[in-house]
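# A structural walkthrough
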Amino acid sequence: MSIALNAQGLSKSFNGIKAADGVSVSVADGEFVSLIGANGAGKTTFINMVTGYVRPDVGSITSYGREIVGLSPLQVTRLGIYRSFQIPQVFTGLTLMENLTVAINAVTAHERPLLSPRKAALNPDSRDRVDAVMERFQLGKYRDHLVSEISGGMRKLLDVGMATINSPKVLMLDEPTSGVASEEKFDFMDLVIEALSDQKAAVLFVEHDMDIVRRYADRIVVFHEGRVLADDRPDAALAQEDVRRYVTGKA
Amino acid sequence: MDVFLTILVDGTIYGAWLFLIAIGLTLVFGVMKILNVAHGALYAIGAYAAATLVGGNVIEEVAGFWALPLMLLGSILVAVILGPFLEKFVLRLFYGRDEVVLLLVTFGVSLILEDVIRMIWGVFSQYVAAPYSLFGNVEMGPLYYVGYDFFVVALAVLVGVATSLFLSRTIMGKIVLAVIHDAEISRAMGVNVSRVYLYTFTFGVFLAAVAGAFTSPMLAVTPSIGVNAIILSFAVVVIGGMGSIGGAAVGAALVGLSRATAINFWPEAELFVIYAVMAAVLLFRPQGLFGEPAQRRI
Amino acid sequence: MIHAVTSSPPLAALVCAAALMAVGLMLPDWVLFTASLALAKGLVVLGLVLLLRMGAVSFGQGMYYCLGAYICGLVGNATGVQDALFLVILSGLGCCALGAVLGVFLSAYRGVFFAMFNLALSMILYGALLKATSVGGSDGIGIAPPSYFGLSPSDEYRSILFYAFVVVIAAGVGLATRIYMRSELGLAALAVRDNEIRLEYLGLSVRRVIVFNYAIAAGLAGLGGGLVALVSGHIIPEFAYWTTSGEFVFMTVLSGPSSIVAAFGATALFETVRLVAGQYLPNAWQLMLGAFLLLSILFLPNGIGALAAGRRRTRAPDAKEDAR
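Residues numbered from 1 in each chain as written. Chains lettered and ligands numbered in written order. Predicted model: local features only at pLDDT ≥ 70, side-chain atom pairs only at ≥ 80, totals over all residues. Heavy atoms only, no water.

### Here we look at the interface of chain B and chain C
Test applied: The criterion used for residue contact is that any of the two residues' heavy atoms lie within 4.5 Å. Buried area adds together the accessible area that both of two parts lose upon being put together, with accessible area traced by a 1.4 Å probe. A pairing counts as a salt bridge when a side-chain nitrogen of Lys or Arg comes within 4 Å of a carboxyl oxygen of Asp or Glu. Think of a polar contact as two N or O atoms within 3.5 Å of one another; within protein, one of them needs to be a possible hydrogen donor and the other a possible acceptor, and neighboring residues in sequence only count if both atoms come from side chains. For the purposes of this entry, the term helix denotes a DSSP run of H or I that reaches at least four residues, the term strand denotes a run of E that reaches at least two, and both are numbered from the N terminus.
Counting residues at the interface gives 40 residues for chain B, matched by 38 residues for chain C. Buried surface at the junction of chain B and chain C, both sides included, amounts to about 3700 Å², of which 77% is carbon and sulfur. Put simply, chain B and chain C have zero salt bridges between them. Along the contact surface separating chain B from chain C lie six residue pairs in polar contact (both at pLDDT 80 or more). For the side of chain B that touches chain C, the leading source of residues is helix α4 (residues 99–121) of chain B, giving 17 residues.

Below, the structure written as structure tokens:
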């Protein structure tokens, strides 16, 4: 297996407060890694540093051997590192189908910048991929509805769907199940896992629900006050003394 | 050496004129986040008000003595009549919509006001000659300048300093600063934001009218002075940073001096130079010299 | 039958063009002149509609309109080539090229900055043309009547032939624009208005989308300007003046971002009102324009396009607040 993502010694301060303090995380392709920790522990800052939204003060991040610190979100994304958001970032004025169509165009437009609009309009291949994602995430019923008309949980699915449509190499999901009703969380994660099953993506997801974490993660990285407290298999990490005291709160 | 003196003096005078127009524009933008395109038309109305009160038909001796107070009175009248009317019955209907939508609204207001000007004052040039000789001539080496031009420079300094002091030293001013910083939080803290908007807009109209009234002796008053004023003062405000009074002062000086330089060495490029300066500043500081960078949030 | 037309853009374009031609055959020359003018200006508005879909408004589209007219006039006069198609394509391409270059710089700005920088640029062109005596200064220049593929129509047929020419171009451009709007690339423009950050996180360059649309809009304005130059036979620097740009913005707001037909419809409505107002209220034209602008922003935030598209949901230009 090769290293999909390798972050070494990342530190970042905001107005003197250390949001990341020597964070090192390495993920192989195909791995499912959960990032856990209290609010403000540095999980989202980590994702923001990887995806180019925030530049670390020190440290290095490589993806398949390529340094990505200093790249813009656009450049990072074009290397195959996609993300979803805690609050779904979708195009509210567009229909679901149009949202996914825009998402898929991102890649084809990059490959062929002067793509003929007519070709794009009638491109059966991309329409098929849109339909496939629509089906996988069970959104087909709402394909011609505007995003502003669908529920928060559906937006969440759409958000994740848009991040997965272009076969990401690394996929970062920021709290994919927040806002999803608790009895639907497993179904939701099953859909996500299923959708990614035929891809070799390295997946990092931020999660607060330990049942989800135990069930879906190959490995857990525990954040606490900007540092990595533990990095191990779920049962081992969750059994660690300081993790129980600071994070899961069951000392 | 004389050339540089000319450029310095011409540039300062022109910069003062620009600053007088730009300060109201930048203040209204700072508080209300509205780029008021009608500011130019309001400036023109101020100039026409001055023309009516102290212009051509008025006996020169009387006008000479009363000219300045009358021009101030005209500006106050313009502000009191048009400010509350426009804010309450036009702008207020569109609050909360996109910045660009409000830009369109003030553009519409500007179109209406231009026709109103034509209906009231006609299309021919008017001159406000009487006050121009009030301060005699000033000799500077081999050059003569009209004293009134320096009065306008002094007025620009006065208006700038007074407005800054008002904002930093008075309670009302501090409330305005709070609204500039964050209107939502100010509202939550109990500030009557709509009243602040009303007063600010009216004061902005007053500043536009003052600029128009007191600079009217320096130029021919025609309906098109408004659009020139808004385009140039927009450049000034952008250079200085939208919403910053100090920025407007620096921007006005910069534009004034570059224009004066251009006129002396390359007159055809007059307008071009102004926008070249703007482009150069924005290349290095997209938010303007004194503007705060806009944050994009997830 | 109706369904077949509305669901097939090429058929719809054909039907529209045929209907316009049929009506045109019955109209007197002076109405044909206004109708040709309205269709040509509709192309400029169509370009602004492309910008509006990204949430962008330009107060300086008169620059490209004017430039297109001058390209058409100057090239025609200098070379003696009078072929209408050649000249207007040249106008369109010239403006498209300039738009692509300026777009690279302008795409860094949004909202009022974007609108006002365009205004500033157009006023520079206006100022330059006023002083440029070699191209007629404030008097502008006259243009010889056009020919069509080597045929020069006699005076009697000139108006109807030009009208037919504009109808064909408008239908063709309208169809192309409609296909573009529904394509992946065209949808990306709507996405720019909604959520730029997400678009970048999908791997699509927001600036590239803006530059692309801006260049197309510039090209359409140039095309429209070239056509207006040919139909009116005389061009003046006022084409670049801010009130010209303002009128285009007005028509665009009236049209709304959602429909091609609405863009042409709004232009036709505007030109009609101008004709009537010019007859009865020659001195209150701007006043009416301003009042109409305020009223349509207040009561028709999505333009007349939204009225027509009753069965489709509308996309309000500022309906994005619930995303935050």
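### Some thoughts on the sheet that holds strand β7 (residues 170–173) of chain A
All names here are of chain A. To be explicit about the condition: A pair of strands counts as paired when DSSP detects no fewer than two bridges linking them. The axes used here are C-alpha line fits, helices contributing only the stretch in contact, and every angle between their N-to-C directions lies in the interval 0 to 180 degrees.
Here six strands make up an open sheet; going across it, the order is β6-β7-β8-β3-β9-β10 and the pairing mixed. Pairing within the sheet leaves two strands with one partner each, and these edge strands are β6 (81–84) and β10 (227–232). Strand-to-strand twist in this sheet, taken as the mean axis angle between neighbours without regard to direction, amounts to 15°. Where strand β3 (residues 32–36) lies against strand β8 (residues 202–206), four bridges are found, and the strand directions are parallel. In the sheet register, L35 faces β8, and the bridge partner there is V206.

### Comments concerning the nonpolar core
What counts is decided by this rule: Throughout this description, the term nonpolar core refers to a set of buried Ala, Val, Leu, Ile, Met, Phe, Trp, Tyr and Cys residues connected via side-chain atoms within 4.5 Å. Classification of residues uses two cut-offs on accessible area relative to the type maximum, computed with a 1.4 Å probe and protein chains only: under 20% is buried, over 50% is exposed, and between them is partly exposed. The source of the domain bounds is an automatic or database domain assignment.
Core analysis: the biggest nonpolar cluster contains 264 residues, and F205 of chain A, L35 of chain B together with F59 and L227 of chain C have the highest contact counts within it. Among the elements that make up this core, the one with the highest residue count is helix α1 (residues 2–32) of chain B (17 residues). Counting only domains with at least three residues in this core, you end up with domain 1 (1–80 + 168–251) and domain 2 (88–167) of chain A. Discounting residues that sit within four places of it in the chain, F205 of chain A has contacts with F32, V33, S34, L35, L173, P176, M189, I212, Y216 and A217 of chain A. Counting residues in each nonpolar core, the second largest holds 28 residues, with A20, M49, I68 and L71 of chain A among its members.

### Describing unusual backbone geometry
Residue and element names in this part refer to chain A. With a phi close to 50°, Y64 is a non-glycine residue in the positive phi region. Among the secondary structure elements, Y64 is positioned in the loop between β4 (58–63) and β5 (66–67). Positive phi, close to 50°, is recorded for E225, a residue that is not glycine. If you trace the backbone, E225 turns up in the loop between β9 (219–224) and β10.

### Details of a nonpolar patch on the surface
This is how the line gets drawn: Note that patches include only residues with greater than 30% relative accessible area and no salt bridge, and the join distances are 9 Å for like charges and 5 Å for nonpolar side chains (Val, Leu, Ile, Met, Phe, Trp, Tyr). Surface exposure here means Shrake-Rupley accessible area, sampled with a 1.4 Å probe, where a residue is shielded only by the protein chains that are shown.
Where nonpolar side chains cluster on the molecular surface, the patch consists of V3, F4, F265, W266 and F272 of chain B and spans about 580 Å² of accessible area. Structurally, the position occupied by W266 of chain B is in the loop between α10 (245–265) and α11 (270–284).

### Comments concerning helix α6 (residues 152–164) of chain A
All names here are of chain A. Stated formally: The span you would expect from a helix comes to 1.5 Å times its residue count less one.
The first and last C-alpha atoms of α6 sit 19 Å apart over 13 residues, in line with the 18 Å expected at 1.5 Å per residue. Most of α6 sits out of view: eleven of its 13 residues are buried. Where α6 is concerned, the buried positions are M154, R155, K156, L157, L158, D159, V160, G161, M162, A163 and T164.

### Let's talk about the packing of aromatic side chains
Counted only if it meets this: Only centres within 6.5 Å qualify two rings of Phe, Tyr or Trp (six-membered ring in Trp) as a pair; their planes then separate them into stacked at under 30 degrees, edge-to-face at over 60, and tilted for everything else. Working rule: Lys NZ or Arg CZ, within 6 Å of ring centre, within 35 degrees of ring normal, means a charge sits over the ring.
Taken as a whole, this structure holds 32 aromatic pairs over all chains when the rule is applied. Seen from their ring centres, Y14 of chain B and W17 of chain B are 5.3 Å apart, and the 40° between their planes marks the pair as tilted. Residue Y14 of chain B and its partner W17 of chain B are both found in helix α1; the two are separated by three residues, about one turn of the helix. Taken together through their ring pairs, the aromatic side chains of Y132, F135, Y148, F151 and F214 of chain B make up a single cluster. Between the NZ or CZ atom of R83 of chain A and the centre of the ring of Y201 of chain C, over which it lies, the distance is 5.2 Å. If you follow R259 of chain B out to its NZ or CZ, it ends over the ring of Y14 of chain B, 3.7 Å from the centre.

### Details of α4 of chain B
All names here are of chain B. A rise of 1.5 Å per residue sets the reference length of α4, with its 23 residues, at 33 Å; its end C-alpha atoms lie 32 Å apart and thus fit the reference within 8%. α4 sits mainly inside the fold: 17 of its 23 residues count as buried. Taken from the residues just after α4, G122 is the one with a positive phi, measuring 75°.

### Digging into the pairing of β9 of chain A
Residues and elements named next belong to chain A. With six of six residues buried, β9 lies mostly within the body of the structure. Side chains R219, V221 and F223 of β9 all project onto a buried face; the interleaved residues I220, V222 and H224 project onto the opposite face, where all are buried too. In this structure, β3 lies alongside β9, joined through four bridges in parallel fashion. In the sheet register, V33 faces β9, and the bridge partner there is R219. Relative to β10, β9 is paired through five bridges, and the arrangement is antiparallel. The partner of I220 across the bridge, within β10, is D232. Counted along the chain from β9 to the antiparallel partner β10, the turn is two residues long, and its residue E225 has a positive phi close to 50°.

### Overview of the pairing of strand β2 (residues 143–146) of chain B
Residues and elements named next belong to chain B. In terms of strand pairing, strand β1 (residues 137–140) meets β2 through four bridges, oriented antiparallel. Its bridge partner lying in β2, V138 is registered against Y145. Hairpin remark: β1 followed by β2, antiparallel, with two residues in the connecting loop; positive phi at G141, about 60°.

### A short note on the side chain of N99 of chain A
By the secondary structure assignment, N99 of chain A is in helix α3 (residues 96–111). Once you skip the residues sitting within four places of it in the chain, N99 of chain A turns out to touch V90, F91, L94, V147, L158 and M162 of chain A.

### Here's the deal with the environment of D235 of chain A
All names here are of chain A. Relative to the helices and strands, D235 is located in helix α9 (residues 234–239). Separated by 16 residues in sequence, D235 and R219 have C-alpha atoms that sit 9.0 Å apart. A polar atom in the side chain of D235 sits 3.1 Å from the side chain of R233.

### Some points on the sheet that holds strand β2 (residues 17–28) of chain A
Residues and elements named next belong to chain A. Strand order across the open sheet formed by four strands is β2-β1-β4-β5, with antiparallel pairing between neighbours. The sheet is open, and its two borders are formed by β2 and β5, each paired with just one other strand. Note that strand β1 (residues 3–14) and β2 share eight bridges and pair antiparallel. Residue pairing for β2: K12 is matched across the bridge by A20. In the packing of helix α1 (residues 43–50) onto the sheet, contacts are made with β1, β2 and β4, and the angle to β1 comes to roughly 115°.

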